[in-house]
Amino acid sequence: VAPKGAMQHGLLAFTHTTIHIPANSTTATIRVSRTDGKDGPVSVRYYTSDGSAKRGSDYTETAGTLIWADEETGSKAITVQLSGHPQSPQLYGAWSRFLTVTLTHPTGGAVVADPEVAVVRLDADGEFHQDIPKEEKEPAEVEEAVQPSLPWEFAVTEVTGDG
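Residues numbered from 1 in each chain as written. Predicted model: local features only at pLDDT ≥ 70, side-chain atom pairs only at ≥ 80, totals over all residues. Heavy atoms only, no water.

1. Quick notes on the overall build of the chain
Part 1 of the argument: If you tally the helices and strands in the chain, you get 2 helices and 9 strands.
Part 2 of the argument: Listed by position from the N terminus, the elements making up the chain come as β-β-β-β-β-β-α-β-β-β-α.
Part 3 of the argument: A buried classification covers 36% of the 163 residues belonging to the chain.
Part 4 of the argument: Element-wise, carbon and sulfur atoms account for 51% of the exposed surface of the chain, whose accessible area totals about 9,600 Å². (Helix = DSSP H or I, 4+ residues; strand = E, 2+ residues; numbered from the N terminus. Buried < 20%, exposed > 50% of the residue type's maximum accessible area, 1.4 Å probe, protein only. Areas by Shrake-Rupley, 256 points an atom, 1.4 Å probe, with all protein chains shown as cover.)

Laid out in structure tokens, this is it:
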């Protein structure tokens, strides 16, 4: 808690840290909110990154800046354009591809909340899954989203030769 009269610039955070989108969707909307303060204008940069989903074929690379005015709170939207091509169940099974969105370089005294990365999952089953607010998630749920198992994984059990 800040001392009486201290400036409160705000905390910038994803409203959901994992967003599930049907693989045949053409857009994904990721929301970032400003809470715990509204003093002064603040901003934060964002950018997308490849996970198992690839820019150019699964989504359009996206970057920009979200800006809140002095006294403004609430959420702002990041929109990522998706290819809208459903995944082949023969190739991927029930597994879903994912990309990430990262918040960086806050200005105006604001702070980016942990985690600074949200996962956007393109679900192969074509169904919309209810987003789980960040505060209701167990940390292991986010880890599972970024550690998919691939149908073609293998393990080396023996190495022979002069090597």
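2. Some words on the sheet that holds strand β9 (residues 117-123)
Part 1 of the argument: Taken together, the 5 strands give an open sheet; going across it, the order is β2-β9-β7-β4-β5, and neighbouring strands pair in mixed fashion. Strand pairing shows two members of the sheet lacking a second neighbour, β2 (18-22) and β5 (63-68), which therefore form its edges. Between one strand and the next, the sheet's axes are offset by a mean angle of 25°, whatever the strand orientation.
Part 2 of the argument: Pairing geometry for strand β7 (residues 97-107) and β9, over 6 bridges, is antiparallel. Bridge assignment links Arg97 to a residue of β9, and that residue is Leu122. (Pairing = 2+ DSSP bridges. Axes fitted to C-alpha atoms, helices over the stretch in contact; angles between N-to-C directions.)

3. Quick look at the environment of Leu66
Part 1 of the argument: Tracing the backbone shows Leu66 in strand β5.
Part 2 of the argument: Between the alpha carbons of Leu66 and Ala77 there is a distance of 8.1 Å; along the sequence they are 11 residues apart.
Part 3 of the argument: Once you skip the residues sitting within four places of it in the chain, Leu66 turns out to touch Val32, Val42, Ser43, Val44, Tyr46, Lys76, Ala77 and Ile78. (Contact = heavy atoms within 4.5 Å.)

4. Quick look at the pairing of strand β3 (residues 27-37)
Part 1 of the argument: In this structure, strand β1 (residues 9-14) lies alongside β3, joined through 5 bridges in antiparallel fashion. Bridged to Leu12 within β3 is Arg34.
Part 2 of the argument: Looking at chain direction, β3 and strand β6 (residues 74-81) are connected through 8 bridges and run antiparallel. By the bridge assignment for β6, Thr29 is matched with Thr79.

5. Some points on the pattern of salt bridges
If the charged atoms of two oppositely charged side chains come close together, the side chains can form a pair.
Part 1 of the argument: Scanning all chains against the criterion turns up 6 salt bridges.
Part 2 of the argument: Put simply, Asp50 and Arg55 hold a salt bridge, and the shortest N to O gap is 3.6 Å.
Part 3 of the argument: Owing to a relative accessible area of 31%, Asp50 belongs among the partly exposed residues under this scheme.
Part 4 of the argument: On the accessibility criterion, Arg55 (45% relative accessible area) is partly exposed. (Salt bridge = Lys/Arg side-chain N within 4 Å of Asp/Glu carboxyl O.)

6. Describing the sheet that holds β3
Part 1 of the argument: As summarised here, the arrangement of the 4 strands in space is β6-β3-β1-β8, forming an open sheet in which the pairing is mixed. Taken across any chain shown, the strands that pair with only one partner, and hence form the sheet edges, are β6 and β8 (111-112).

7. Here we look at the environment of Ala28
Part 1 of the argument: When you line up the elements, Ala28 lands in strand β3.
Part 2 of the argument: Distance in space between the C-alpha atoms of Ala28 and Thr79 is 5.7 Å, their sequence separation being 51 residues.
Part 3 of the argument: Those residues in contact with Ala28 that sit more than four places away from it in its chain are Ile21, Ile78, Thr79, Val80, Leu82 and Val120.

8. Some words on the pairing of β2
Part 1 of the argument: In terms of burial, β2 is a largely internal element, 5 of the 5 residues being buried.
Part 2 of the argument: The side-chain alternation of β2 yields two buried faces, one formed by Thr18, His20 and Pro22 and the other by Ile19 and Ile21.
Part 3 of the argument: Where β2 meets β9, 5 bridges bridge the pair, whose relative direction is parallel. Bridge pairing links Ile19 to Val120 in β9.

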